[in-house]
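One-letter residues, chain by chain:
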Amino acid sequence: MNDEQWMMIALAQAKHGIGKTAPNPPVGAVIVKDETLLGSGWHRKAGMPHAEREAIADAVARSGAQSLVDSTAYVTLEPCSTHGRTPPCVQGLIDAGITRVVYACEDPNPKHAGRADILLANHGIEVVKGICREAAEKILRPFAKVQRTGLPWVILKTAMSLDGRITRPAGESQWLTGESSRRDVQSLRAEVDLIMTSGETVRRDMPALTIRIPELLEGREQPWRLVLSHHADSLPKDAPLFTDPFAHRTLVRSGDIAGILREIVRDMGILSVLVEAGGKLANDLIQQDLVDEMVYYLAPMITGGLPAVAGDGFATKNLTEIEWSVIDQDVKFRGLFRAEAEPR
């Protein structure tokens, strides 16, 4: 196997940590010697060992510490070089006797970027970087955005009819999409640290905004839930968000949305936010260029209800890196949110 193939295995490890590691990034690592996998690991939670140390411990448990001498470590992110809640991984790699380190992308924090190269090289360790960089950066987008801007990665999720509506006529079912699509939303919730909605949505739909598939909750808590409302006193006190076992993980805020997003990053270590709300909040977020990614579930019906985006006046927005799939009778679109680069 070549470097790219081993790195792909490390990337698969990193994906296990998505939605579980904030404020740290999800990272995976594998240790290889003579084309044999010695150990693998991923960062499971802030305060727990980083991926490199997990992989080293796995290799020691399997084959003993001596097996690591003259081995290669593949890591999806530049090894950390500073002491935080856990010791620096650079030192762990040096102490283990690893002689070659391959990583996918540099630390997005400019204060740390490239420091591992110098420290490792000073101990005679070969460093190769940039292997599978784009694939690693995709996993690290929320962490990188926080480092760059202080804002979380925001995913806007909507289920809508063919005429772009999010509600059905009174007396009909509240659901637009099928059961399989709603199950897919559970997986989407498991990717994020916090789910944001509006007071209007709480009053109209009484949502729970929880992960309800047990295996998706392994290794993590329920996402935080944030209600944006200028009229908090009028929110229904019997809503699930305020009465279920996770009510302590529900926040209510009002005011500047960007400021609130910066607050939850700064005070709570949030990296990623899923927005499940009506058209007005969707419009406000789009107007303020706060949306990074959109996920649309399109149902095969026309309803004439409330619009998915309630407003106008913003420049054309395009989705890039589009992924789409058919889920029973529904169609799912997912892509990055970008403004139109040039006027037509």
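Thresholds applied
Residues numbered from 1 in each chain as written. Predicted model: local features only at pLDDT ≥ 70, side-chain atom pairs only at ≥ 80, totals over all residues. Heavy atoms only, no water. Helix = DSSP H or I, 4+ residues; strand = E, 2+ residues; numbered from the N terminus. Contact = heavy atoms within 4.5 Å. Polar contact = N/O pair within 3.5 Å; in protein donor to acceptor, adjacent residues only side chain to side chain. Pairing = 2+ DSSP bridges. Axes fitted to C-alpha atoms, helices over the stretch in contact; angles between N-to-C directions. Salt bridge = Lys/Arg side-chain N within 4 Å of Asp/Glu carboxyl O. Buried < 20%, exposed > 50% of the residue type's maximum accessible area, 1.4 Å probe, protein only. Right-handed = clockwise from strand over helix to strand, strands pointing away. Expected span 1.5 Å × (residues − 1). Arc of directions from axis to C-beta. Phe/Tyr/Trp six-rings, centres within 6.5 Å; stacked < 30°, edge-to-face > 60°. Lys NZ or Arg CZ within 6 Å of the ring centre and 35° of its normal. Parallel < 35°, antiparallel > 145°, perpendicular 65-115°, else oblique. Left-handed = near helix turned anticlockwise from the far one by under 90°. Nonpolar A, V, L, I, M, F, W, Y, C, P; charged D, E, K, R; others polar. Patch = residues over 30% accessible without salt bridge, like charges linked within 9 Å, V, L, I, M, F, W, Y side chains within 5 Å. Areas by Shrake-Rupley, 256 points an atom, 1.4 Å probe, with all protein chains shown as cover.

Section: the environment of E106
Line of reasoning, step 1. Structurally, E106 can be placed in the loop between β4 (100–105) and α4 (115–121).
Line of reasoning, step 2. For the pair formed by E106 and P79, sequence separation is 27 residues and the distance between their alpha carbons is 8.6 Å.
Line of reasoning, step 3. If we ignore the near neighbours within four places in the chain, the residues touching E106 are L77, E78, A113, G114 and K129.
Line of reasoning, step 4. Within the structure, the side chain of E106 is placed 2.9 Å from the side chain of K129, a separation counted as a polar contact.

With respect to the sheet that holds strand β1 (residues 28–33)
Line of reasoning, step 1. One open sheet accounts for five strands, arranged β2-β1-β3-β4-β5; its pairing is mixed. In the strand order of this sheet, the two ends are held by β2 (36–42) and β5 (126–129), each with one partner. Neighbour to neighbour, the strand axes of the sheet diverge by 15° on average, direction disregarded.
Line of reasoning, step 2. Summarising the sheet, β4 and β5 pair through four bridges and their orientation is parallel. The residue bridging V101 from the neighbouring strand is V127, located in β5.

Some details on the pattern of salt bridges
Line of reasoning, step 1. Under the criterion given, the structure shown has 23 salt bridges.
Line of reasoning, step 2. Taking the shortest distance from any N to any O, the salt bridge between R100 and E126 comes out at 3.5 Å. Placement of the pair is R100 in strand β4 and E126 in strand β5, with a sequence separation of 26 residues.
Line of reasoning, step 3. Between K280 and D284 there is a salt bridge, and its shortest N-O distance comes to 3.4 Å. Taken together, the positions of K280 and D284, both in helix α11 (residues 279–287) and four residues apart, correspond to about one turn of that helix.
Line of reasoning, step 4. Residue class for D284 comes out partly exposed when judged on its relative accessible area of 23%.

Regarding the pairing of strand β3 (residues 72–77)
Line of reasoning, step 1. The buried fraction of β3 is high, at six of six residues.
Line of reasoning, step 2. Bridging between β1 and β3 involves four bridges; their strand directions are antiparallel. In the strand pairing of β3, V30 is matched with Y74.
Line of reasoning, step 3. Relative to β4, β3 is paired through five bridges, and the arrangement is parallel. Pairing of Y74 across the sheet is with V102, part of β4.
Line of reasoning, step 4. Each parallel crossover has a hand, and for β3 linked through helix α3 (residues 89–96) to β4 it is right-handed.

Regarding helix α1 (residues 3–15)
Line of reasoning, step 1. With 13 residues, α1 should reach 18 Å at 1.5 Å per residue; the first-to-last C-alpha distance of 19 Å fits that figure.
Line of reasoning, step 2. Listed as buried for α1 are D3, W6, M7, A10, L11, Q13 and A14. One face of α1 carries all of its buried residues, which in axial projection span an arc of 155°.
Line of reasoning, step 3. Elements that come into contact with the buried residues of α1 comprise β1, β2, β3, β4 and α5 (133–139).

A look at the packing of aromatic side chains
Line of reasoning, step 1. Under the counting rule described, the total for this entry stands at zero aromatic pairs.
Line of reasoning, step 2. One residue, R182, lies across the ring of W175, its end atom 4.3 Å from the ring centre.
Line of reasoning, step 3. In this arrangement the basic side chain of R249 is found over the ring face of W224, its NZ or CZ atom lying 4.4 Å from the centre.

Some words on the packing of helix α2 (residues 51–63) against α3
Each pair of packed helices can be described by the angle between their axes along with the distance between the axes.
Line of reasoning, step 1. Contact geometry of α2 with α3 gives a least axis separation of 9 Å together with a crossing angle of 25°. In this view, α2 runs roughly parallel relative to α3, as classed from their interaxial angle. Remark: the crossing between α2 and α3 carries left-handed chirality. When α2 is examined against α3, the residues E52, R53 and I56 are found in contact with a partner set consisting of C89, Q91, G92, L93 and A96.
Line of reasoning, step 2. Of the residues contributing to the contact of α2 with α3, the split by class is four nonpolar, two polar and two charged.

Re a nonpolar patch on the surface
Line of reasoning, step 1. Side chains of L319, I322, W324, V326 and F333 sit close together on the surface and give an oily, nonpolar patch of about 500 Å² of accessible area.
Line of reasoning, step 2. Ranked by the residues each element gives to the nonpolar patch, the list is headed by strand β12 (residues 317–327), at four residues.
Line of reasoning, step 3. Inspection of the secondary structure puts V326 in strand β12.
Line of reasoning, step 4. Looking at V326, the relative accessible area reads 54%, which means it is exposed.

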